[in-house]
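One-letter residues, chain by chain:
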Amino acid sequence: MQTVLFVSTMTLGDEVPVREIHERFPVDALERGAGVSRVTAFLGSGFYALEFTIDESDGDFQSSYHRFVGTPELQRFFDELRAHVDELPGSADETGHIHLASPLFHWERGSG
């Protein structure tokens, strides 16, 4: 499993519609097996972030990522968000061409 963070700018002031769209997040599609085991969305002042953990148990990162973003319900969700959020992942996008970050450093109190 690999956790990545997608970060993009969004229209400042569109936080309410983005929250409302997330109330319809296609969780059922994820439960059926869309290539991820966890998704967390973040909303900030002028930015949007989506953290997801790719499930590589049945393939590599690229194929699992493409299954996730290529899921029709997810693409409809992203299409609805596109009016508010810039550069959302598309099913044909290569991971090297979008704003993905992977963990670089992690510290936790008591972990040594």
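Up top you'll find the structure we're talking about.
Residues numbered from 1 in each chain as written. Predicted model: local features only at pLDDT ≥ 70, side-chain atom pairs only at ≥ 80, totals over all residues. Heavy atoms only, no water.

Caption draft 1: Quick peek at the sheet that holds strand E2 (residues 36-44). Spatially, E2-E3-E1-E4 is the arrangement adopted by the four strands of the open sheet, whose pairing is antiparallel. What marks the edges here is a single partner per strand, and that holds for E2 and strand E4 (100-101). Across two bridges, strand E1 (residues 2-9) lies against E4 in antiparallel orientation. Residue pairing in the sheet places Leu5 in a bridge with Ala101 of E4. Strands E1, E2, strand E3 (47-54) and E4 of the sheet are contacted by helix H3 (residues 61-70), whose axis makes an angle of about 125° with E3. (Pairing = 2+ DSSP bridges. Helix = DSSP H or I, 4+ residues; strand = E, 2+ residues; numbered from the N terminus. Contact = heavy atoms within 4.5 Å. Axes fitted to C-alpha atoms, helices over the stretch in contact; angles between N-to-C directions.)

Caption draft 2: Looking closely at the environment of Leu104. Structurally, Leu104 is set in the segment after E4. Separated by 90 residues in the primary sequence, Leu104 and Asp14 have C-alpha atoms spaced 30 Å apart.

Caption draft 3: Structural view of the packing of helix H1 (residues 15-22) against helix H4 (residues 72-81). Put simply, H1 and H4 touch, their axes get as near as 10 Å, and they point 165° apart. Taken as axis vectors, H1 and H4 run roughly antiparallel relative to one another. The two elements H1 and H4 meet at a crossing, and its hand is right-handed. On H4, the residues that touch Val18, Ile21 and His22 of H1 are Phe77, Glu80 and Leu81. A per-class count over the contact of H1 with H4 returns four nonpolar, one polar and one charged. (Parallel < 35°, antiparallel > 145°, perpendicular 65-115°, else oblique. Left-handed = near helix turned anticlockwise from the far one by under 90°. Nonpolar A, V, L, I, M, F, W, Y, C, P; charged D, E, K, R; others polar.)

Caption draft 4: Structural view of H4. All of the buried residues along H4 are Leu74, Gln75, Phe77, Phe78 and Leu81. Along H4, the residues classed as buried sweep out an arc of 155° about the axis, all on the same side. (Buried < 20%, exposed > 50% of the residue type's maximum accessible area, 1.4 Å probe, protein only. Arc of directions from axis to C-beta.)

Caption draft 5: Focus on the nonpolar core. Within the largest apolar cluster, 25 residues are counted, with the highest numbers of intra-cluster contacts made by Tyr48, Phe52 and Leu81. The residues touching Leu81, leaving out its near neighbours within four places in the chain, are Val18, Ile21, His22, Tyr48 and Leu88. (Core = buried A, V, L, I, M, F, W, Y, C linked by side-chain atoms within 4.5 Å.)

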